[in-house]
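If you want the building blocks of each chain, they are given just below.
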Amino acid sequence: MLYNIKVFGIVQGVGFRPFIDRLANTFHLNGSVANRGSYVEIFVQGGEGTVKAFVNAIKNESPPRAIIIDITIDIITTAKTFADFRIIDSERESGNIFVSPDIAICDKCRAELFDKNNRRYLHPFINCTDCGPRLTIMQKMPYDRERTSMSAFPMCDDCREEYYNPTSRRYDAQPVCCNACGPEVYILDGEECGGEAITKVRKIIKNGGIAAIKGIGGFHLACDATNIEAVQRLRERKYRPQKPFAVMINFLKVCPSTHIVNGHQKPIVLLPKDAVCKVAENVAPNNHKLGVMLPYTPLHLLIFDYPDNVADFPEVLVMTSGNISGTPLATNDEEARRDLSTIADVILTHNRDILIRSDDTVMDIVDGKPYMIRRSRGYAPLPIHFSAAKSISVLAVGGELKNTFCLSKGDLFYMSPYIGDLTDLRTVEALKSSVKRMIDLLEINPDVIACDLHPRYHSTQIAEELAAEMGIHVLKVQHHYAHILSCMAENDFSDPVIGVAFDGTGYGTDGTVWGGEFMIVDAQGFRRVDSITPFIQAGGDKSSVEGWRNAVSMIFDIVGDVEETKKIAARLNLADERKYGGHLYMIQNNFNCVTSTSAGRLFDAVSAILGICSHATFEGEAAMKLQYYAECGISSTELRANFSTKEIFASLLERRLHGEDVHRLAFDFHSALAGYIVDTCQKIRERQKISTVALSGGVFQNTLLLTLTLDRLKAAGFEILHHKKIPPNDGGIALGQGLAVHFS
Ligand code: ZN
Ligand code: ZN
Ligand code: FE
């Protein structure tokens, strides 16, 4: 009997065909295996039992980096017979495309890198079938060397031998190369290349300097994380006074979540600060956590351990995105020269092109499990599967901040790597070009484009431009509805839910600012059923960084008197008197004012009245510090029930004015807010008979609020959907926008 077996998933560039070849030999099956671009096609001749066992072995023993999404088996009636088993060259057929994410260097390659007798000794680009760049060097499918940026480096005879030898661990590894034929590192606008360049960078870092280093998805900026002056210099040059930096550590020290930090994706993982390593206190000020990652390219390993005469090289480096804050990561020499030469003392680059930009992925840990904050390198563009999808293709362009976009075809939703904040025009350009590249790569022709409802988002404009170009429609999706849908999508859940979207800001269907919303989401769309107490957000964009503004609005709302509000603002030292005078004037005259239910701004206001942060230097700073204070001061007070966020704020204000400890107040705020969320969900459950709650929105990046809310929802008998694989913040809304098309 001849069987035709198709294996769908990440089966290209992961050693899948040689694996099938070996397996077929073990089972004494004749036939063939071929790469069809979107799947691997196998023909085998044999008895039913043997073929069944063969298919089971495919499922259970597949190579470590392969991801099997589906296997189909058909019986072919033919007289044709096979005399042996063979691997057939790539052919192109259309279908769902599975592009592998980039993979961190494997243990075997790491060992070879430092083995003097290996011909790839100290080669900064060593890789194999199990590791190395994928998405970032890919031009087109199927994944073959001539369609990657390695096409510029013809293989030497030795590499070619390994590449074509099915028993070699570099068989069919597209980026395979060596010291003789591979790319090269060099100092940008300098003399040194190869080992000399690496030594130069090591010297500069060791002496407190800053280096820009080209990696897999873009440049990093690196300095000694134990050197307070070096870190300070980096902060000043990057105009990033407070926002925590991630670090890369040479050795895996005591670490509670080894498997996440040390897995083949090697994301940045937020770990308890002192558990891992000692760093200068200005690396992550006012934070219990530290973003930690391990070296994931051979070049990183060489930077730490190059055998030269640079002694006592630091074991921990700050490794932050190589960009001007808010702009896209630099990916080539020209961008590095333009953006990084005023920040870095030296730029270490190389001549392998980065075709798709990809920032480091960032994960927090909740309940011992990963909780995605930024999904990019190592994860994008792995698809999310949603069973109840229609057979349409959608491009969803995402939101304005932390932008990512999503291309979907039927039930598979491919999220892009992280693009960034579209407030900068360079990021807008990056979004446009990435969309085009991913459309080419995944071969998806969208039937419709989804975007946010906000009329002034750049992403909305891009959606309209692209829709006009392609002659297709735009569907505008309310921001918080998209958040809830993104949560349902990643949980593959399509029944009605109570959606709790606690977020920064999003454009509401009534033109006001939303962000603390309770909504019913079902097949008909969404209904907003409740929200936090509305307040006046005055002062335009400033009100999202100057938390004292929202605090003054809320105080005025409680006391109802301008003079009294001024007195309280003065006692709490919220801002300079002229400033809050002006702010109150705006409120009284309804000038530059908008009604808001943003939970993010409520956090900012509370952070301000507690004297923790009244003026943020980056989005989310006030809330991050508030959580830090709360975690320093877990309280045991029995809290009375609060029926509105206005009551919660009023009670905190009163206790603050009585001089209560701010750590305790910070904790009680989180606790009261979790209580309020659960109370509100209970009321909705009584009326609507829906007992599943979906939690989404950037505010749930706050793991203290999330854990308190999860615990109480569980105790109240709710089914809960929350994020794990997709960020709760705006980095996830493209997925929800894409899903909205299936719900309309
Ligand atoms: Zn390897
Ligand atoms: Zn070679
Ligand atoms: Fe949002």
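Residues numbered from 1 in each chain as written. Chains lettered and ligands numbered in written order. Predicted model: local features only at pLDDT ≥ 70, side-chain atom pairs only at ≥ 80, totals over all residues. Heavy atoms only, no water.

A. Representation of the packing of helix H17 (residues 599-609) against helix H18 (residues 621-632) within the structure. For the pair H17 and H18, the least separation of the axes is 8 Å and the interaxial angle reads 60°. In terms of orientation, H17 lies oblique with respect to H18. Along this stretch, H17 crosses H18, giving a crossing that reads as left-handed. Every residue of H18 that contacts H17 at Phe603, Asp604, Val606 and Ser607 is listed here: Ala622, Ala623 and Leu626. Classifying every residue of the contact of H17 with H18 by side-chain character gives five nonpolar, one polar and one charged. (Axes fitted to C-alpha atoms, helices over the stretch in contact; angles between N-to-C directions. Helix = DSSP H or I, 4+ residues; strand = E, 2+ residues; numbered from the N terminus. Parallel < 35°, antiparallel > 145°, perpendicular 65-115°, else oblique. Left-handed = near helix turned anticlockwise from the far one by under 90°. Contact = heavy atoms within 4.5 Å. Nonpolar A, V, L, I, M, F, W, Y, C, P; charged D, E, K, R; others polar.)

B. The arrangement of the coordination of the zinc ion (ligand 1) in detail. Distances from the zinc ion (ligand 1) to its protein donors, Cys106 (SG), Cys109 (SG), Cys128 (SG) and Cys131 (SG), fall within 2.3 Å. Coordination at the zinc ion (ligand 1) is tetrahedral: its four donor atoms span angles of 106 to 116° at the metal. (Donors = N, O, S within 2.8 Å, 3.2 Å for Na, K, Ca; no water. Tetrahedral: all angles 85-135°; square planar, octahedral: opposite > 155°, others 65-115°.)

C. Focus on helix H9 (residues 298-305). Extensive coverage of H9 is indicated by the burial of seven of its eight residues. Buried within H9 we find Pro298, Leu299, His300, Leu301, Leu302, Ile303 and Phe304. (Buried < 20%, exposed > 50% of the residue type's maximum accessible area, 1.4 Å probe, protein only.)

D. Structural detail: the side chain of Glu621. Within the secondary structure, Glu621 is located in helix H18. What Glu621 contacts, discounting residues up to four positions off in sequence, is Gln242, Cys613 and Ala616.

E. Summary view of helix H5 (residues 194-206). The end-to-end C-alpha distance of H5, which contains 13 residues, comes to 19 Å, matching closely the 18 Å that a straight helix rising 1.5 Å per residue would cover. Inspection of H5 places Gly194, Ala197, Ile198, Thr199, Val201, Arg202 and Ile205 among the buried residues, and these make up the whole buried set. Once H5 finishes, Gly208 follows within two positions and takes phi at roughly 90°, a positive value. (Expected span 1.5 Å × (residues − 1).)

F. Region of interest: the coordination of the iron ion (ligand 3). Looking at the metal site, the iron ion (ligand 3) is ligated by His479 (NE2), His483 (NE2), Asp503 (OD), Asp503 (OD) and Asp730 (OD), spaced 1.9 to 2.7 Å from it. In primary sequence terms, the donor set of the iron ion (ligand 3) follows H-x3-H-x19-D-x226-D. You can see His483 sitting in helix H13 (residues 479-490) and its partner Asp730 sitting in the loop between strand E28 (719-721) and helix H22 (733-742), a full 247 residues away along the chain. Under the relative-accessibility criterion, His483 is labelled buried at 0%. The exposure class of Asp730 is buried, given its relative accessible area of 10%.

G. Expanded view of the side chain of Lys266. Inspection of the secondary structure assignment puts Lys266 in the loop between helix H7 (258-262) and strand E10 (268-272). Although Lys266 lies buried, it forms no salt bridge, and the closest oppositely charged side chain, Asp107, sits 6.1 Å away as judged by the N-O distance. Polar side-chain contacts of Lys266 include one of 3.1 Å to the backbone oxygen of Gly263. The contacts of Lys266, once residues within four sequence positions are left out, are Ala104, Val261, Met293, Leu294, Pro295, Tyr296 and Arg377. (Lys, Arg positive; Asp, Glu negative; His and termini not counted. Salt bridge = Lys/Arg side-chain N within 4 Å of Asp/Glu carboxyl O. Polar contact = N/O pair within 3.5 Å; in protein donor to acceptor, adjacent residues only side chain to side chain.)

H. Main features of a positive patch on the surface. A contiguous patch of positive charge on the surface is contributed by Lys369, Lys714, Lys724 and Lys725. Checked against the element boundaries, Lys369 lands in strand E15 (residues 369-374). (Patch = residues over 30% accessible without salt bridge, like charges linked within 9 Å, V, L, I, M, F, W, Y side chains within 5 Å. Areas by Shrake-Rupley, 256 points an atom, 1.4 Å probe, with all protein chains shown as cover. Charge placed at Lys NZ, Arg CZ, Asp CG, Glu CD.)

I. Structural detail: the sheet that holds strand E12 (residues 316-321). As summarised here, the arrangement of the 10 strands in space is E6-E13-E7-E8-E12-E9-E11-E10-E14-E15, forming an open sheet in which the pairing is mixed. On the outer flanks of this sheet lie strand E6 (185-187) and E15, each paired with one strand and no other. Across the sheet, the axes of successive neighbouring strands diverge by a mean angle of 35°, strand direction being ignored. Alignment of E6 against strand E13 (residues 346-350), held across three bridges, turns out to be antiparallel. Following the sheet pairing, Ile187 is matched in E13 by Leu348. Packing of helix H6 (residues 228-238) onto the sheet brings it into contact with strand E8 (219-224) and E12, and relative to E8 it is tilted by some 145°. (Pairing = 2+ DSSP bridges.)

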